[in-house]
Amino acid sequence: MNKREFLKAGLFAAAATQIPVAVNAEVAKKKKKGPKNWVWTNPNMKDTDEELVNRFTAYKASGITGIFFEADSERHFRAAKAQGLEAHRWIWTFNRAELLTEHPEWYSVSRKGQSCVDNPPYVKYYRWLCPSRPEVQEYLEKTVTDILASDYVDGIHLDYVRYCDVILPVNLWDFYKLDETRELPEYDFCYCDTCKAKFKEAYGIDVDKLQYPDACLSWRLFRYNNITRVVNSVAAIAHKKKKQITAAVFPTPEVARRNVRQDWTNWNLDAVCPMIYHGFYKEGVSWIGDAVAEGVHFLAGKFPLYAGLYLSDFKNDAEIRTGIQNALSRGAAGISFFGNVSPTVLDILHGEMQSNKRA
Ligand SMILES: [Zn+2]
């Protein structure tokens, strides 16, 4: 609502009703705008200018409203914006390897006492920074500040904004030959000296003396709050610059806390894109709606939720359509696509946006 509308509302309303009038008008305005839809992509430097114009024109016409670019490419960002799309920079937040040599002490240590520097869990590229360290927070604040200094960047999109998976999605257990029905010490983080000291200071508990550290609720809460503190600190930076901040998170609030210590409903974001990748959890397409409903419930209107769909998980076009419908009907403010956004996928999205308008 602009100033003029607010004044008009005030003139015709009794003093006591001014605020509800303003809020209702704001909500109505947002609803009128309709769903927003996103694409996660890595800018390919081989794309020609003509290809970018064609791709982004097709995106816009089909109902895509913004792109999360996994790397900086001024040409890609500006090409997207020229077609009326928002262009956001997607970054890996805590999982980043560039400090391995310079600051090995900043990396997380497992309950087994192994550092991500020498023993990356599951895969070589898992190099998790410790969120308790003030130096790590400062490093990420500077990273975000530098990215948002570019005029062509509309916002920052956080990924890997969590701890290492203490429990992997069930579909991966066979692949890694693991039984993760309980929290295994080599995948449980972070037990570095900084974390132990800070936890002792705040809660008076020595983690090393706990018989069941994985069952200690304060130890869990401490870790949720470590991630939340860093997220809210970079969120304040984004908002000060009048830019948006969003995140790719685990599919539901419950799974996010249990598997990766990620408490995303308590973050100060502008939107969230839960990766509701049903295949990873051996779930059907109907679960997409269930996951959306859980997230929307716990967010309680704090910010919009865009359902992240993994296109390779769908068996056919009809399933993609159903997935989109399930997400929107259960409260998603739109969709975020990961994978091959083909002309067929764009056609399906376009169809759903048209029926959404008619509804
Ligand atoms: Zn630590």
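Bear in mind that the values here come from a model prediction, so they are computed numbers and not experimental data. (Residues numbered from 1 in each chain as written. Predicted model: local features only at pLDDT ≥ 70, side-chain atom pairs only at ≥ 80, totals over all residues. Heavy atoms only, no water.)

Topic: unusual backbone geometry
Residue Cys 190 follows Phe 189 across a cis peptide bond; omega there is 0 degrees. By the secondary structure assignment, Cys 190 is in the loop between β4 (155-159) and α6 (193-203). Despite not being glycine, Tyr 122 has its phi angle at roughly 65 degrees, a positive value. Take Tyr 122: it is sitting in the loop between β3 (86-92) and α5 (134-148). Here the phi dihedral of Lys 242 falls at roughly 60 degrees; this positive angle occurs in a residue that is not glycine. Here Lys 242 is to be found in the loop between α7 (217-240) and β5 (244-249). (Helix = DSSP H or I, 4+ residues; strand = E, 2+ residues; numbered from the N terminus.)

What about the packing of aromatic side chains?
One pass over the full model with this rule turns up 31 aromatic pairs. Judged by centre distance (6.4 Å) and plane angle (85 degrees), the ring pair of Trp 90 and Phe 338 falls under edge-to-face. Linking Trp 90 in strand β3 with Phe 338 in strand β8 (residues 334-338), this pair joins segments that are 248 residues apart in sequence. Given a relative accessible area of 6%, Trp 90 falls into the buried group. In this structure an aromatic cluster arises from ring pairing among Trp 38, Trp 40, Phe 68, Trp 90, Tyr 277, Phe 280, Tyr 306, Tyr 310 and Phe 338. (Phe/Tyr/Trp six-rings, centres within 6.5 Å; stacked < 30°, edge-to-face > 60°. Buried < 20%, exposed > 50% of the residue type's maximum accessible area, 1.4 Å probe, protein only.)

Overview of the coordination of the zinc ion
Around the zinc ion, the protein supplies Cys 130 (SG), Cys 190 (SG), Cys 192 (SG) and Cys 195 (SG) as donor atoms, at distances of 2.2 to 2.3 Å. Its 4 donor atoms give the zinc ion angles of 96 to 117 degrees at the centre, a pattern that matches the tetrahedral case. Mapped onto the sequence, the residues coordinating the zinc ion show the spacing C-x59-C-x1-C-x2-C. On the basis of relative accessible area, Cys 192 is assigned to the buried category, the value being 7%. (Donors = N, O, S within 2.8 Å, 3.2 Å for Na, K, Ca; no water. Tetrahedral: all angles 85-135°; square planar, octahedral: opposite > 155°, others 65-115°.)

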